[in-house]
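These are the residues of each chain, in order.
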Protein chains: 2
Amino acid sequence: MILDGKMVAQEERKKLCTLITSYQEMGLRAPKLAIVLVGHNPASETYVSNKMKACHEVGIEVDKLAFEEDITEQELLNVIHQLNTDSSVDGFIVQLPLPEHIRESMVLTEIDYRKDVDGLTPMSMGRSIQGLRAIPSATPAGIRTLLEYYHIQTAGKHVVVIGRSNIVGKPMAIMLMQRPYLSLPSMSASTLGDATVTVCHSKTDHLEAICRTADIIIVAAGCPGLVKANMVQPGATVIDVGINRIEDPSTPRGYRLVGDVDFEHVAPIAGAISPVPGGVGPMTIVSLLKNVVVVYGGKLLGAKVGEE
Amino acid sequence: MILDGKMVAQEERKKLCTLITSYQEMGLRAPKLAIVLVGHNPASETYVSNKMKACHEVGIEVDKLAFEEDITEQELLNVIHQLNTDSSVDGFIVQLPLPEHIRESMVLTEIDYRKDVDGLTPMSMGRSIQGLRAIPSATPAGIRTLLEYYHIQTAGKHVVVIGRSNIVGKPMAIMLMQRPYLSLPSMSASTLGDATVTVCHSKTDHLEAICRTADIIIVAAGCPGLVKANMVQPGATVIDVGINRIEDPSTPRGYRLVGDVDFEHVAPIAGAISPVPGGVGPMTIVSLLKNVVVVYGGKLLGAKVGEE
């Protein structure tokens, strides 16, 4: 079975669109996301315009705050503080990476976790790890939605996560090992969690043997072809978070995108597998949209992220 | 080999004592811990007086702030805010549990992570998970010190953590899977980390089989005798974090303390094992003392926890 992230993301967007339309029919303002962009990194500009497009499609308003490369750390922190207190903005994100002279961790630490719709601040992660209400990291939340859509259970299952990054590996591991919980108002209860989770990485011995014991493998290592057929037990679920450019002169752009899984040989063995592209990628943007709408919806219901 | 936490804690306390004496010979004030205690829970009162005694032994000054059971949440939050800004207090802890009418998570969230010497606030955990400077949780930090003392390596090793609590299981797993890092000024570099970590819990299938693949087992499940001889591979390290009261009419108190490991049968197989009592327990208090001194020492050196 192919886990079709493109299709699932499309359905999720439709649901969000219906929800926002119904809010507007009630005379309410639209949810609003602010995006902070520093400098002119072409990849960042593309990501931001994709996010803006996705927002507009479902009816989320977007404020793009663009700054030149030479903004100081203090000036940027002032922008963050203003967004924290601006009640017309439901959530905001700072597009990474930032220029060298600005410390990413200082900026992320200052974002109010109640507006942290990327779910990447230390406070959001700390609250998640403690099982407190927090906005989930976008990529792990997207993977959760994908697994839920296809009714793939995690309770008692052995999940092997390959990669220990701050944006995928570690928050994904935490999310899957927790007790299942009720998520924010207006979103359905999550059925995932209660998994036995192993986190592997570049220093892991016996990666192949460990993977062969997995019911679910989630790989975010940035290493093309890392997960091979001999590492996957028949029927296992394989989620590929890798996005790698491989030179390919036969394509118009001279390259193609591949994941961290040897898809051709693993797909026939796996019980379920997400392709690259069209798997996890589209789910990540939809998680961001969902996070904005959940914060907005929570406000309507008087239930805020910071309250237990 | 028995991992003698009592002896290692004693040595660590001696080192702290020497360090604090040298500060005082330089004419500096003593490090200062504040302890907030609400109500008259007998166990809490015992813990607090043990902590105070341990502080005094090494030369840490202690302010005990005791409040009656009926203090309101807001009044307690005001106390926290005052301690956050009181520059004469290096770090402080709130003894848990709190009375039912006070939300623990609200109180912990308000503690400034730079003074959070229990390392239990969401911000401390979130920063730890992201590899940023933070005060480590006391029990995992104590286990780290114990492993380091006996030169037990973790890089590339398979560590199985049993239990997913906020104070042991989850922070321990995070600490061991991270890249090794330089800890705060005046403390030595940690050699631990880079482990392949599996977190097991009450919902785990095949716990026995998973444990048999472990180089190191760390159990904090609150379940006497959970780890049996057939779950431990010869030569493995076993760390027992459990503290359980077992009825025993032959003792003066009518009970004795046991851990989560069937010590009698596991000890002959294990390469190294920590006993209960006298293993992890004494290390936890010494971690608290160490955290206070590290925050104090960091201030002297102009390096604060919040700066990268």
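Residues numbered from 1 in each chain as written. Chains lettered and ligands numbered in written order. Predicted model: local features only at pLDDT ≥ 70, side-chain atom pairs only at ≥ 80, totals over all residues.

*Asks:* Looking at this structure, I do not really get the overall build of chain A. What am I missing?
*Replies:* Along chain A, the regular secondary structure elements total 10 helices and 10 strands. Whereas a compact globule of 308 residues would reach a radius of gyration of roughly 19 Å, chain A reaches 19 Å, a difference of no more than 12%. Viewed in the frame of its principal axes, chain A has a C-alpha envelope of about 55 × 40 × 35 Å. Across the 308 residues in chain A, those meeting the buried criterion constitute 49%. Considering only contacts in chain A between residues 6 or more positions apart, those separated by 24 or more positions represent 68%. (Helix = DSSP H or I, 4+ residues; strand = E, 2+ residues; numbered from the N terminus. Rg over C-alpha atoms; globule rule 2.2 N^0.38 Å. Buried ≥ 20, exposed ≤ 12 C-beta atoms within 10 Å, placed from the backbone. Contact = placed C-beta atoms within 7 Å.)

*Asks:* Got a minute to help me understand the pairing of strand β1 (residues 32-38) of chain A in this structure?
*Replies:* Consecutive side chains along a regular strand alternate between the two faces of the sheet. All names here are of chain A. Counting buried positions over the 7 residues of β1 gives 5, a clear majority of the element. In this structure, β1 lies alongside strand β2 (residues 61-67), joined through 7 bridges in parallel fashion. Opposite Val-38, over in β2, you have Phe-67 as the bridge partner. Once the chain exits β1 it traverses helix α2 (residues 42-58) before rejoining the sheet at β2, and the crossover so formed is right-handed. (Pairing = 2+ DSSP bridges. Right-handed = clockwise from strand over helix to strand, strands pointing away.)

*Asks:* When you look at the relation of the copies chain B and chain A in this model, what are you seeing that I'm missing?
*Replies:* Mapping one chain copy onto the other needs a rotation about an axis and a shift along that axis. Of the transformation superimposing chain B on chain A, the axial component is 0.0 Å and the angular component is 180 degrees, with the fit at an RMSD of 0.0 Å. The superposition operator between the copies reduces to a two-fold rotation axis. Of the residues that chain B buries at the interface, 100% are likewise interface residues in chain A, meaning the two copies contact each other through the same surface. (Least-squares fit on C-alpha atoms with pLDDT ≥ 70 in both.)

*Asks:* Even after reading the chapter, I still don't get the interface of chain B and chain A, so can you show me in this structure?
*Replies:* It is common to give the size of an interface as the accessible area that goes away when the parts come together. Contacts between the two partners involve 28 residues from chain B, matched on the other side by 28 residues from chain A. Counting only elements with at least two residues in the side of chain B that touches chain A, the list comes to α5 (122-129), α7 (169-177) and β5 (196-200) of chain B. Here the element with the most residues in the side of chain B that touches chain A is α5 of chain B; it accounts for 7 residues.

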